[in-house]
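Secondary and tertiary structure notes
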Amino acid sequence: MDIDYGKCWDTSKSWKSTLILAYQSLGVVYGDLSISPLYVYKSTFAEDIHHSETNEEIFGVLSFVFWTLTLVPLFKYVFIVLRADDNGEGGTFALYSLICRHAKVSLLPNRQVADEALSTYKLEHPPETKNSSRVKLLLEKHKFLHTALLILVLLGTCMVIGDGLLTPAISVFSAVSGLELSMSRDHHQYAVIPITCFILVCLFALQHYGTHRVGFCFAPIVLIWLLCISALGLYNIIHWNPLVYKALSPYYMVKFLKKTRKGGWMSLGGILLCITGSEAMFADLGHFSYSAIQIAFTFLVYPALILAYMGQAAFLSKHHHTIHKIGFYVSVPDCVRWPVLVIAILASVVGSQAIISGTFSIINQSQSLGCFPRVKVVHTSAKIHGQIYIPEINWILMILCVAVTIGFRDTKHMGNASGLAVMAVMLVTTCLTSLVIILCWNKPPILALGFLLLFGSIELLYFSASVIKFLEGAWLPILLALFLVTVMFVWHYATVKKYEYDLHNKVSLEWLLALGPSLGITRVPGIGLVFTDLTSGIPANFSRFVTNLPAYHRILVFVCVKSVPVPFVPPAERYLVGRVGPAAHRSYRCIVRYGYRDVHQDVDSFESELVSKLADFIRYDWYKTHGIIDNEDDGSRSGASSGECRLTVIGTLAFSGTPAFELEDNVQLASVSVGFPTAESVTDVIEMRPVERRVRFAIDNESEVDSREEMDTQLQEELEDLYAAQQAGTAFVLGHSHVKAKQGSSMLKRLAINYGYNFLRRNCRGADVSLKVPPASLLEVGMVYIV
């Protein structure tokens, strides 16, 4: 899979490239935000307030819309939040990843010092202020704050999933509802729901083709739609009320609230729909660049939306007694109503596609960090990273979308539900960004507090207006979020407890080395890959395996596939390899590291790739051991258990040349590659150290010929053993786990573990399927975990 890590598009700094990226972002980022004029006024004036001849209501709503669009998407996201990126990636998990790297608040237990040497693990270290260090110490000290932070992130994730359910329903329904102006009421009420459901089913049915096929015309559609609503807005302003610009004054907001009181406050639940899709600017940052998203919103999307809302307000200010309900299509001239209807439906499909793709992406990230049951992830593009399709989630979303459309049947209830989900996500982003300002940017806490109070108060006001409509649709995202947070937290909690059980029940290296013919243990031909979550020590499932089957393979590899809190791990830094015991034992440890946006198992044959890395490590280790690569102060180990050799990063890029110099560098952050005259070049090797080392490359001389020949013979024997074992076949040893709560555990824990987690485990994808293990080569070892 040819994937460009970090960014999916060319992010050259030239203006031409930036403008192309800005154009491409229209179809991916702004589809949802740009279609909000379809339903904002209709949702706002549903029941809580009524349009009067004084125009105070419509002008007040316009003022609220203008300032909400200005403060939240423009000031908050474009100028502040977009800068809180994680190696170019945005979204809830990007913020959580940044916080976890700058403060020890992660609940993932398999953290290693070696992970901090990753090039994408870069930390900015400006001078820490006294107050920021206090906040950091406070967070690190209390374990319940770690759990609270994770629950906050999971809540935001669940609300994004809820938005992925509600946005397609309200967008397509609002677009299709334009038929009401061209059909009789009797025909209209029987036509809109079936047509909406048909479009939704078609949209979800096409998802397996991938965004790059389904959405090749997304950007032109959104561009045409933005130009269309801009032109309509200008026409309505000029033709009906050129003085409508006065309503942009904050004075009209105060006047609106004074007149409408409680009804006006409740109507804010409709006004907030004008910023649905704002979170997509941050979530999709990794596909584009900061400059491209900033330019597209500031110079095209924002002005187009303001003109569209002003145009609708200008029309409504002169039509107080219209027989039609307040909506988008009443302000569209009859002569262009049908073309606008077609463009609106296409734009709503684009907006729905964007949020569906975002839902797939965030579920994949949750799964990578052990916060969601394993599901099938299909990568639909071999070149563009991040374009994925999850069949199970796709069909569940389709069923729920159709059910919401049929069940609610109006924009009001859908808007109430969608608005609450949107504001919950924004509140989570505001809280996490405040922590990033303190912990990562090392700014004074007063700035973070100001950010939190300014934008948090705005979002809380809108959130309160949505929550008050709990019985009128807002119950849906709350119920969905409670269910999903429970599922995700139970899965994560049980995963952590399983790891802790493995950690406490692992066996010593001496036990492994003592296994031999005297105990009736034999070594059989082939490679045994023992999968474990442990990064050191011998897992309990292997001891169970040997106890029941007194034999193991000639080449033994303990494989740990782990996620690290970075978006991407470069392929050259993915594999950490080391020995387990002496060279003659032919046992190794391999840690395969992935970021939360990486493609897992992104090679055609994991087995062949692993054997290649082992061969590279064996060459490197022999040359290092015999002084051709002489590492001073070689006595320390890198976090491995006693008797295990230091883990080494084995990359993929080959180098040549004969170095004859000393290099003093911090090898944690660099790749050391060497060439040899008598053997194949070692490929891109990094040796992990907790401190700075001096690495000396030495050329052998004639006095060392005998020892060199002996070393070459032993090296050749070990490589021949490896390749012979590969020819004999590979067995994959996985644990088949059943988890039980300890005796005396609370009723809640017993329900969560004994029934909840085990039900999810039985009905999600198995580890063998996720790891692409051939069924004929699979050996499962039954394990009962008491947690």
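Given the structure is predicted, the values throughout are model-derived calculations rather than measurements.

Conventions and cut-offs
Throughout, residues of each chain are indexed from 1 in the direction in which the sequence is written. Totals for whole chains, interfaces and linings use all residues, but because this is a predicted model, local features are given only for residues with pLDDT of at least 70 and pairs of side-chain atoms are given and counted only at 80 or more. Just so you know, side-chain values use all the structure's heavy atoms and leave hydrogens and water out. The helix and strand labels rest on DSSP assignments: H or I over at least four residues marks a helix, E over at least two residues marks a strand, and numbering proceeds from the N terminus. Here's how the labels work: a residue is buried when its accessible area is under 20% of the maximum for its type, exposed when over 50%, partly exposed in between, all with a 1.4 Å probe on protein chains only. We call two residues in contact when some of their heavy atoms are within 4.5 Å. Note on areas: these come from Shrake-Rupley sampling with a 1.4 Å probe, and a residue is covered only by the protein chains present in the view. The quantity called pLDDT is the predictor's confidence in a given residue, expressed from 0 to 100. Stacked, tilted and edge-to-face are the three classes applied to pairs of Phe, Tyr and Trp rings, where Trp contributes its six-membered ring and a pair requires centres within 6.5 Å; stacked means planes under 30 degrees apart, edge-to-face means over 60, and tilted covers the rest. Salt bridges, as used here, are contacts in which a Lys or Arg side-chain nitrogen is within 4 Å of a carboxyl oxygen on Asp or Glu. What counts as an axis is a line fitted to C-alpha atoms, over the stretch in contact for a helix, and the angles between N-to-C directions run from 0 to 180 degrees. An angle counts as roughly parallel when it lies under 35 degrees, as roughly antiparallel when it exceeds 145, as roughly perpendicular when it falls between 65 and 115, and as oblique in every other case. We define a polar contact as two N or O atoms separated by no more than 3.5 Å, with the added condition that, inside protein, one atom must be a possible hydrogen donor and the other a possible acceptor, whereas residues neighbouring each other in sequence contribute only through side-chain atom pairs. Each pair of strands is called paired provided DSSP finds at least two bridges between the two strands.

1. Remarks on the overall build of the protein
- Summing up its helical and strand segments, the protein has 25 helices and 13 strands in all.
- Taken over 787 residues, the protein has a buried fraction of 57%.
- Within the protein, contacts between residues separated by at least 24 positions form 83% of all contacts whose residues are at least 6 apart in sequence.
- As displayed, the protein has an accessible area near 32000 Å², and 62% of this comes from carbon and sulfur atoms.

2. Some points on the confidence of the model for the protein
- Overall, the predicted model of the protein reaches an average pLDDT of 80, with 82% of residues at or above 70.
- Segment residues 652-700: pLDDT under 50, and 121 contacts once partners within four positions in sequence are set aside and those in other chains are kept.

3. Considerations on the packing of aromatic side chains
- Taken as a whole, this structure holds 22 aromatic pairs when the rule is applied.
- With a centroid separation of 6.2 Å and an interplanar angle of 85 degrees, the aromatic rings of phenylalanine 408 and tryptophan 475 are classed as edge-to-face. On the criterion of sequence distance, the pair formed by phenylalanine 408 in helix α16 (residues 391-408) and tryptophan 475 in helix α19 (residues 475-504) is long-range, its members being 67 residues apart.
- Measuring from ring centre to ring centre gives 6.1 Å for phenylalanine 531 and phenylalanine 732, while their planes differ by 15 degrees; the resulting arrangement is stacked. One end of the pair, phenylalanine 531, is in strand β3 (residues 522-531); the other, phenylalanine 732, is in strand β12 (residues 730-740), with 201 residues separating them in the sequence. Accessibility assignment for this pair places phenylalanine 531 and phenylalanine 732 in one class, buried.
- In this structure an aromatic cluster arises from ring pairing among Trp511, Phe542, Phe545, Tyr552 and Phe558.

4. Considerations on the pattern of salt bridges
- Using the criterion set out here, one finds 13 salt bridges in the structure.
- Close ionic contact of lysine 255 with glutamate 56 constitutes a salt bridge, the shortest N to O distance being 3.5 Å. Taken together, the residues span a long stretch of sequence, with lysine 255 in helix α11 (residues 251-260) and glutamate 56 in helix α4 (residues 56-78) at a distance of 199 residues.
- With its nearest N and O atoms 3.6 Å apart, the salt bridge here joins glutamate 500 to lysine 497. Here glutamate 500 and its partner lysine 497 are both found in helix α19, 3 residues apart, which amounts to about one turn of the helix.
- Each member of the salt-bridge network shares a partner with another, and the members are Glu56, Glu57, Lys255 and Lys259.

5. Here's the deal with the side chain of lysine 412
- For lysine 412, the location among the structural elements is in helix α17 (residues 411-439).
- For lysine 412, a relative accessible area of 10% gives the class buried.
- Non-local contacts of lysine 412, meaning those with residues more than four positions away in its chain, are made with Ala46, Glu47 and Glu472.

6. Considering the packing of α19 against helix α24 (residues 747-763)
- Interhelical geometry of α19 versus α24 gives an angle of 95 degrees and a closest axis separation of 10 Å. Between α19 and α24, the angle falls in the class roughly perpendicular. Each of Val487, Val490, Trp491, Tyr493, Ala494 and Lys498 in α19 lies in contact with α24, whose residues at this interface are Lys749, Ala752, Ile753, Tyr757, Leu760 and Arg761.

7. Structural notes on the side chain of arginine 589
- Mapped onto the elements, arginine 589 comes out in strand β6 (residues 587-594).
- The exposure class of arginine 589 is buried, given its relative accessible area of 1%.
- A distance of 2.6 Å separates a polar atom in the side chain of arginine 589 from the backbone oxygen of glycine 537.

8. With respect to the pairing of β12
- With 4 bridges joining them, β3 and β12 adopt parallel strand pairing. From the neighbouring strand, isoleucine 527 faces β12, where its bridge partner is threonine 730.
- Where β12 lies against strand β13 (residues 778-786), 9 bridges are found, and the strand directions are parallel. Within β13, the residue paired with histidine 736 across the bridge is glycine 782.

9. Observations concerning unusual backbone geometry
- Phi at asparagine 442 is positive, roughly 55 degrees, even though this residue is not glycine.
- Looking at where asparagine 442 falls in the secondary structure, it is placed in the loop between α17 and α18 (445-467).
- Asparagine 442 gets classed as buried once you look at its relative accessible area, which sits at 9%.
- Notably, arginine 586 is not glycine yet its phi reads approximately 55 degrees, a positive angle.
- With respect to the element layout, arginine 586 can be found in the loop between β5 (575-579) and β6.
- A relative accessible area of 8% means that arginine 586 is categorised as buried.

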